[in-house]
Amino acid sequence: MPRHHGQRSDTGPAEALGGFLAALRPTGAASDRAWRIALAAMLAARHLERPVDLNRVLEMALVRTLPGSPAAIRDALDPDNGLHVHALLLELQTAGTSEARVVHALDAIMDGREPPGRDRFLRRLAAVLHAGDRGRACTG
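Peer 1: I would appreciate a short explanation of the nonpolar core in the present structure.
Peer 2: Across soluble globular proteins, you tend to see nonpolar side chains buried next to one another. By size, the foremost hydrophobic cluster in this structure holds 27 residues, and its most contacted members are Ile73, Val85 and Leu106. Taken together, the elements giving at least two residues each to this core come down to helix 2 (28–44), helix 3 (54–63), helix 5 (79–94), helix 6 (98–110) and helix 7 (120–139). Sequence-distant contacts of Leu106, defined by excluding residues within four places in its chain, comprise Ile37, Ala40, Ala41, Leu122 and Leu125.

Peer 1: How should the packing of helix 3 against helix 6 be read in this particular structure?
Peer 2: Geometry of a packed helix pair, given as the angle between the helix axes and the separation of the axes. Between helix 3 and helix 6, the shortest axis-to-axis distance is 9 Å and the interhelical angle comes to 50 degrees. As the angle between them shows, helix 3 and helix 6 are arranged oblique. Our pair here, helix 3 against helix 6, has a crossing hand that is right-handed. Where helix 3 abuts helix 6, its residues Arg56, Val57, Met60 and Ala61 lie against Glu99, Ala100, Val102 and Val103.

Peer 1: Sorry, what's going on with a nonpolar patch on the surface here?
Peer 2: Residues Trp35, Leu39, Met42 and Leu43 make up a contiguous nonpolar surface patch of about 390 Å² in total accessible area. Here Leu39 shows up in helix 2. Relative accessible area serves as the criterion here: at 30%, Leu39 is assigned to the partly exposed category.

Each value, and the rule that gives it
- Counting restarts for each chain: residues are numbered from 1 in the order of the written sequence.
- Given that the model is predicted, a residue must reach a pLDDT of at least 70 before its local features are reported, and side-chain atom pairs must reach 80 or more before they are shown or counted; all residues, however, enter totals for whole chains, interfaces and linings.
- Values shown for side chains rest on all heavy atoms present in the structure; no hydrogens or waters enter the calculation.
- Buried Ala, Val, Leu, Ile, Met, Phe, Trp, Tyr and Cys residues form a nonpolar core when they are joined through side-chain atoms within 4.5 Å.
- A simple rule labels every residue: compare its accessible area, found with a 1.4 Å probe on the protein chains alone, to the largest value its type can have, and call it buried under 20%, exposed over 50%, or partly exposed in between.
- In this text, helices come from DSSP runs of H or I with a minimum length of four residues, and strands from runs of E with a minimum of two, each type numbered from the N-terminal end.
- In what follows, a contact means two residues having at least one pair of non-hydrogen atoms within 4.5 Å.
- Helix axes are fitted only over the stretch in contact, all axes being lines through C-alpha atoms; the angle between N-to-C directions runs from 0 to 180 degrees.
- Angle categories are assigned with fixed cut-offs, so that under 35 degrees is roughly parallel, over 145 is roughly antiparallel, 65 to 115 is roughly perpendicular, and the rest are oblique.
- Two helices that cross are described as forming a left-handed crossing if the nearer one is turned anticlockwise from the farther one by less than a right angle, and a right-handed crossing if clockwise.
- Patch definition: residues with relative accessible area over 30% and no salt bridge; like charges joined within 9 Å; nonpolar side chains (Val, Leu, Ile, Met, Phe, Trp, Tyr) joined within 5 Å.
- Computed with a 1.4 Å probe, the accessible areas rest on the Shrake-Rupley method; for each residue, only the protein chains presented here act as cover.
- Salt bridge, as applied in this entry: a Lys or Arg side-chain nitrogen positioned within 4 Å of an Asp or Glu carboxyl oxygen.

In structure tokens form, the structure reads like this:
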């Protein structure tokens, strides 16, 4: 097996993944946010104006809150997973695909902001959620 950046030659994929997961301590807020974005993506995907690769959207929703730089995360994992997660994070940074733009739009919606882009379903979803937030604020 070829060595990956920073990976010791005596570790395999299971050891690299185990070490990475053992060191990972997501906060409740980060975990909750990733879960909400992933759930929203799963339920919204079939209503979007343009089809997206839902698996890729869900992967991005999960990795977007990982602590550290894309390179550091790549180096902490085995080569296959490291390169995959690295590519997902770079795709999110550039927002160059429909999948990355959906994740950014749902992130904005969860923040109470207007989603970027022109997808009518996502804009309507934002309006419904934000109206509900305003209603709760008025009655709370």
